[in-house]
Amino acid sequence: MAKIEPSIKSALTQYATAHRGIISYSQLTQYQNRFNLSDLELEAALLEVAAEFATPPISQFYVGAIAWDDKSHQAFLGANLEFSHQALSLVVHAEQAAINNAWLNGAIEISKMTINAAPCGFCRQFMNELNTAKKLEILLPTGKTSLCDLLPTSFGPDDLGNSEKLFSQTHHLAEDKALPELISAALYHHYLSAYCPYTHNQSAVEIKLDSGECFYGRYAENAAYNPSLSPLQSALSQLAMSGKVLSEVNVAGITLLEKQGFANQLQVSLAVLQAYNAEHLLTHIEIE
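Note that the structure is predicted; figures quoted are calculated from it, not measured. (Residues numbered from 1 in each chain as written. Predicted model: local features only at pLDDT ≥ 70, side-chain atom pairs only at ≥ 80, totals over all residues. Heavy atoms only, no water.)

(A) A look at the sheet that holds strand β1 (residues 22-24). With respect to topology, six strands assemble into an open sheet ordered β1-β3-β2-β4-β5-β6, the strand pairing being mixed. Lying at the two open borders of the sheet, with one neighbouring strand each, are β1 and β6 (143-146). Between one strand axis and the next, the sheet turns by 20° as a mean value, whatever way the strands run. Here helix α3 (residues 39-51) sits on the sheet in contact with β1, β2 (64-69), β3 (74-79), β4 (112-115) and β5 (137-140), set at roughly 120° to β2. (Pairing = 2+ DSSP bridges. Helix = DSSP H or I, 4+ residues; strand = E, 2+ residues; numbered from the N terminus. Axes fitted to C-alpha atoms, helices over the stretch in contact; angles between N-to-C directions. Contact = heavy atoms within 4.5 Å.)

(B) Spotlight on the packing of aromatic side chains. The final tally for this structure, using the stated rule, is six aromatic pairs. Centroid distance Tyr-15 to Tyr-31: 6.0 Å. Interplanar angle 75°. Geometry classified as edge-to-face. With Tyr-15 in helix α1 (residues 6-18) and Tyr-31 in helix α2 (residues 25-35), this pair connects stretches of sequence that are 16 residues apart. When its relative accessible area of 18% is taken as the criterion, Tyr-15 is described as buried. You can call Tyr-31 buried: its relative accessible area is 8%. (Phe/Tyr/Trp six-rings, centres within 6.5 Å; stacked < 30°, edge-to-face > 60°. Buried < 20%, exposed > 50% of the residue type's maximum accessible area, 1.4 Å probe, protein only.)

(C) Geometry of the pattern of salt bridges. Across all of its chains, the model carries eight salt bridges by this definition. For Lys-112, the salt bridge goes to Asp-70, with nearest N and O atoms at 3.3 Å. Of this pair, Lys-112 sits in strand β4 while Asp-70 sits in the loop between β2 and β3, and the two are 42 residues apart along the sequence. Residue Glu-137 is joined to Lys-144 by a salt bridge in which the shortest nitrogen-to-oxygen separation is 3.8 Å. Overlapping salt bridges, with partners in common, bring together Lys-9, Glu-48 and Glu-52 in one network. (Salt bridge = Lys/Arg side-chain N within 4 Å of Asp/Glu carboxyl O.)

Structure representation (structure tokens):
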């Protein structure tokens, strides 16, 4: 794939960083007209920009992905995120990051995915949890394919009797109640919006910086279990998509909120934070 012009890359990267990797179709049209790009050239440029947000200290392999939502008319970038000296199973793949970015930030569905390399089996399984899995298009540098073609005889939510899907899940409604001081309304919203049909552990994370800026993540489970995305991984991916790294920002605190009696995210959260020597920043709260 040909490299994009530095001026194009700089403009797109600056915009993507300021907007946490979220770009409206109308904004993309403006860039396309400004730089006289074809659809394929625009996608190639976005993939290269998305990969700029990758943090791969283990693999040194920079991967970018784009999740497209034709209903909300937005594109959501994602990049792989790895944690030094921690189990490889804790990494966030670029496809996960893009889908997570869309899920947390108002997307209605994932209409198609653009990736700068063929997705691994882990990511194919993660995408299979989507409510659009059966019709999902996958756009690669080598051409267009579909998730069904990449994942024949698949195993998914229906095989476990789960009628919910990621992006069409039933939200966990709760009565209005006074929340403990450390639980913000935004964190509670993400807690209620978690996708946890298998363990039923509603859980979410808030990363609050000294500046007051906050980043959120929530639990996204998978029928094959291992591709599930923890709330802390989800939040750290959002931090990365703003061009920030946990070890390079001043953190006021990190709050993990879980459902009492179903909690299962504390130890994996501590393991991830060990990569940044930041375990002491975590506050763990369980609520009914």
